[in-house]
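Observations on the model geometry
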Amino acid sequence: MLSSHVRRAARVARLGNGACVQRAVASSAVPYFRGTPSPDASVSRAITTSKSKASSVISPGTSPADVGANHRRDDAKASSTLPSVDFADSASAHGSKSTFEILRAIAVFRACRIPLLVKHAEGLLNLSTKVLGSTITNAVVKHTFFGHFCAGEDSTDMKPVIDKLESHNIGPILDYAAESEGVGDDASGTEGIFTQPPFNQPARVYDYKSEQECDRHVDVFKNCIQSVKDVSPEHGFAALKVTALGNPDLLERMSVMIVEVKKLFAKFDADGSGLVSREEFVRCYEHHFHVDDGKLAEILDMLDPGNTGIVDYINFAEMLTPCTLPSYTLTCKDVGPLALATPSDDEIALMKRTSERLHTLAEEAARCGTKLLVDAEHQKYQPAIDNLVLELQHKFNAKDKTERPFVFNTYQCYLKDTPERMLTDLRRSERFSFHFAAKLVRGAYMVHERERAKKLDIPSPIHDTIEDSHNCYNDAIELLLRHRVQQGPGLEVMVATHNKESVEKAVGLMSELGLEPEDESVHFAQLFGMSDNLTFTLGGHGYNAFKYLPYGEVQEVMPYLLRRAQENGDMLGNARTEIGLLNDELRKRFSFA
């Protein structure tokens, strides 16, 4: 069923136009991210359409139980009209595999069902390296877990894998799978860039090695983009990981700045409506900042260029970016959290360098006709990643320059704030006239996020139940597909999931809404080595099916392999369907009947 704040937005959107509706729609947002006014009316219409289509018109007295029942009835009707797609056919899923590949897959999946092995995988690998050496350890990993979950170490290794997928109407998503973490707070003894942020903040050092590695990764990702062009010139994707292109510690700093800007807007928005009148804004701004009348008038013109009398979060965030923040915080009356998040000139230079790397890659992708999927990462980096992706989308997804988007952001639906963030970005795309493009995932850092929240004694950002994550994911699919049908071509969504029910929901919605399987607005993707019953079956029925193909040297992708086991342990532990299909295919090959 639709998330509560989406349902609320739908109710108020049906009331009509005007300032009261603007405030009502805005107030439907989760308080942490404030809403936006209704000049972006098409998004509100899409929410309304999604609601009304999903569960019929809801009268004012309808209870939550009635809403759930309506959804279940509609889901039942939709399932009865699903296209004939059988995800339980072992021949479709695994018929193209060699017997060795089937045996290896069964062994890997069974190993991932052993909790102690998964829990202590990193320690066991370290012990093996100490006892047997890295050469033997890496060789064993390469022919087992690496061989199952990764496409190869380089383009030569990957070519036969990609050719095989292409022969089954499955496109490649190339993903350089090296993962990076920050160097931590103790940078003593590290040769690097010394920075001294304002307001007596602690000095920070950003090591040169990290910057040099980021520059090297630009070439790696360029090769990835060019490889996609060679193997799939019109429909290929390349995945990017921002922590490989910018210092993770700097991205965390940048994220703190963005979060503090949101918190500042919440202080201006005293009634929680998501909108601030010019008068309210002036009063609050003068309370927090030293400013003359001329400068204040200039700020108001930036925030409310249409002179509507209303200021919202989207324009506020456009004004207070990490790079422009110092020019505002230097006029703060008190040194508070926002001032203490202010970057130094050197940090701003490093941020710009990260942005330049991303722009270089986006320009190469546009030249090659390759689409970019920017991966979601740890929540402590995500606000910065979102900010950088929005920069790219403004430029490379602009409606006056391209008919289709080139840059996709990723939304992790196990996060509580994902629905509101996605709606805000939809409104941004309408306001600034660029194509919205999203990859929807449930999320891959659940253990890390919960442990971090517990350590910091903050609320967990993860949904409390798996059902909430499922609902969030399915609601997002429905909202975006209905928005696509209402607004026409331009919006694109990648349904990246191993959940059969979510795939079936997307397939059923496409049929209901008149979207053909090959419609370029909808893509499906699963990780290499997982859920082949979904990918190969979708490809066989003409849908835009893709496999995420991680690659890199064995030692580089070891953190990725460990995360595949640890973060997906529950899913793999219950992968009876996958193992059953593999066993079925194996029995067919050794049957003498």
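First, a word on scope: everything that follows refers to the structure included in this document. (Residues numbered from 1 in each chain as written. Predicted model: local features only at pLDDT ≥ 70, side-chain atom pairs only at ≥ 80, totals over all residues. Heavy atoms only, no water.)

1. Focus: the overall build of the protein
For clarity, the cut-off: A run of DSSP states H or I qualifies as a helix once it reaches four residues; a run of E qualifies as a strand once it reaches two. Both are numbered from the N-terminal end. Burial classification: accessible surface area is computed with a 1.4 Å probe over protein chains only, and a residue below 20% of its type maximum counts as buried, one above 50% as exposed, and the rest as partly exposed. Accessible areas in this description were obtained via Shrake-Rupley with a 1.4 Å probe; residue shielding takes into account the shown protein chains only.
When you go through the protein residue by residue, the secondary structure sums to 28 helices and twelve strands. Counting over 593 residues, the protein shows a buried share of 55%. Counting only carbon and sulfur atoms, one obtains 54% of the accessible surface of the protein, whose full area is about 25,400 Å².

2. Considerations on the pattern of salt bridges
Rules: Salt bridges, as used here, are contacts in which a Lys or Arg side-chain nitrogen is within 4 Å of a carboxyl oxygen on Asp or Glu.
In total, this model carries 36 salt bridges according to the counting rule given. A salt bridge links Glu-364 to Arg-367; the nearest nitrogen and oxygen atoms lie 2.6 Å apart. With Glu-364 and Arg-367 both in helix H19 (residues 345-368) and three residues apart, the pair spans about one turn of that helix. Exposure remark for Glu-364: the relative accessible area of 10% places this residue in the buried category. On the basis of relative accessible area, Arg-367 is assigned to the exposed category, the value being 54%. Of the charged contacts in the structure, one is a salt bridge between Arg-428 and Asp-425, with a shortest N-O distance of 2.8 Å. Of the two residues, Arg-428 and Asp-425 both sit in helix H21 (residues 418-431), three residues apart, roughly one turn of that helix. Using a relative accessible area of 6% as the deciding quantity, one classes Asp-425 as buried.

3. With respect to helix H20 (residues 382-396)
Stated formally: Take the residue count of a helix, subtract one, and multiply by 1.5 Å to get its expected span. Whether two residues touch is decided by their heavy atoms; if any such pair falls within 4.5 Å, the residues are in contact.
Its 15 residues give H20 an end-to-end C-alpha distance of 20 Å, which sits within 8% of 21 Å, the value for a rise of 1.5 Å per residue. Where burial is concerned, most of H20 is hidden: eleven out of the 15 residues are buried. Within the span of H20, buried status applies to Gln-382, Pro-383, Ala-384, Ile-385, Asp-386, Leu-388, Val-389, Leu-390, Leu-392, Gln-393 and Phe-396. Tucked into the core, H20 has its buried residues touching helix H13 (248-268), H19, strand S7 (371-374), strand S8 (407-412), H21 and strand S9 (437-441).

4. Here we look at the sheet that holds strand S4 (residues 237-240)
To be explicit about the condition: Here, a strand pair is defined by DSSP locating no fewer than two bridges between the strands. Between N-to-C directions, angles span 0 to 180 degrees; the directions come from axes that are lines fitted to C-alpha atoms, helices contributing only their stretch in contact.
Spatially, S1-S4-S7-S8-S9-S10-S11-S12 is the arrangement adopted by the eight strands of the closed barrel, whose pairing is parallel. In this sheet, adjacent strand axes meet at a mean angle of 30 degrees when their direction is disregarded. Pairing geometry for S9 and strand S10 (residues 492-496), over four bridges, is parallel. Residue pairing across strands places Ala-438 opposite Val-493, the latter belonging to S10. Contacts from H20 reach S7, S8 and S9, with the element oriented near 150 degrees to S8. Packed onto the sheet, helix H23 (residues 466-487) meets S9, S10 and strand S11 (522-527) and runs at close to 160 degrees relative to S9.

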